[in-house]
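Coordinates in review
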Amino acid sequence: MFTRADKILIISLIVISAASYPALKYLSQGGSFLEVEVEGETMTVVRMDQDQDITVEGRLGTTIIRIDENGARFIKSPCVDKKCIKSAPIEDAGEIAVCVPNRVMIRILGENRVKTDFISR
Amino acid sequence: MKDVRRLVIIAFLSGVAVVIYAVETFIPTPSPWLRLGFSHIITLFALLFFGSSTAFMIFCIRTLVGSLIIGKLLSPTFILGFFGGASALMVMALMLDLFKGRWFSVVGISVAGAWVNNVVQVLIAFLVFIRHSEIFLILPAFGLFALGTGIVNGIAVYYLERYAVVALGLKRRITFLNGPNEHGV
């Protein structure tokens, strides 16, 4: 019932499936970047896939933004109420976080992702 | 008379395919978007005996009526299933015309069809519903799943074809060199 061509087809499809996974994994990430704006001007754009701290000077003083596996968030700010530090880290394209007193805004660049809670059929 | 015969065949096989399509919904799969695709047994069977236009007719009726019954008409499942199935049908018809029964058996053709079906579904899901490239990460898993269902469906068609020749006296359009011979054995 299985001819030689069938077996070759099946084995090559298994190999393609197995081999394409690392390639797809590699291609599907690296899409997101973090843009840091101070008083409406873009200060820097950095990759999201490497952990780092970014230091920028705002109106009041020095703000530090940390990128790690949870996303990007403010960790140090000279503002009074520290709301920016309390807000959740951002990681999906289109999300923003701001520190209004210090005029710092961070935004994730990339194609807009529709966040899905649940998929039914 | 020829037209009446064709009509009856389309009606009968569509009915069988719709029932398979609807009942299959109750069988759980690892992901809600995965279907076992047993109704493609009928599509491939029709392709083997009655040609691509009849098979396409049956496929369209099955998809329309079947998804109407399971309540998924015009849902993403329906749209993905339609385009996936149509491209699978195209590939299987092309393979039959191109190889005319050489090299690949029905199992190989079924596997190719199932694989194309799932890959096209992921592509269309990306283009129409989920515009995020991370969706391609499920391609290998969907491909492997298609391989399994393709083999099972192919084996089913192999025996169904043999039965159709021996018991129903149907004429094959294509004889597989490695498949059952004229006498169905």
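Here, every reference points to the structure presented above.
For the structure given in this document, a descriptive report is provided here.

Analysis parameters
- Residues numbered from 1 in each chain as written.
- Chains lettered and ligands numbered in written order.
- Predicted model: local features only at pLDDT ≥ 70, side-chain atom pairs only at ≥ 80, totals over all residues.
- Heavy atoms only, no water.
- Pairing = 2+ DSSP bridges.
- Helix = DSSP H or I, 4+ residues; strand = E, 2+ residues; numbered from the N terminus.
- Axes fitted to C-alpha atoms, helices over the stretch in contact; angles between N-to-C directions.
- Salt bridge = Lys/Arg side-chain N within 4 Å of Asp/Glu carboxyl O.
- Buried < 20%, exposed > 50% of the residue type's maximum accessible area, 1.4 Å probe, protein only.

**Some details on the sheet that holds strand β7 (residues 104-109) of chain A**
All names here are of chain A. Strands sit in the order β2-β1-β7-β6 across an open sheet of 4 strands; the sheet is antiparallel. Two strands bound the open sheet, and with one partner strand each, they are β2 (41-47) and β6 (96-99). Adjacent strand axes in the sheet meet at a mean angle of 20° when their direction is disregarded. In the sheet, β6 pairs with β7 via 4 bridges, with the strands oriented antiparallel. Within β7, the residue paired with valine 98 across the bridge is methionine 105.

**Here's the deal with the pattern of salt bridges**
All names here are of chain A. For the coordinates displayed, the defined rule picks out 7 salt bridges over all chains. A salt bridge links glutamate 39 to arginine 59; the shortest N-O distance between them is 3.0 Å. Here glutamate 39 is found in the loop between β1 (33-38) and β2, whereas its partner arginine 59 is found in the loop between β3 (52-57) and β4 (62-68), with 20 residues between them in sequence. The class of glutamate 39 is partly exposed, set by a relative accessible area of 43%. As a salt-bridge pair, arginine 66 and aspartate 53 come within 2.8 Å of each other at their nearest N and O atoms. Highlighted residues: arginine 66 in strand β4 and aspartate 53 in strand β3, separated in sequence by 13 residues. Here the salt bridges share partners, and the residues they tie into one network are Glu35, Glu37 and Arg107.

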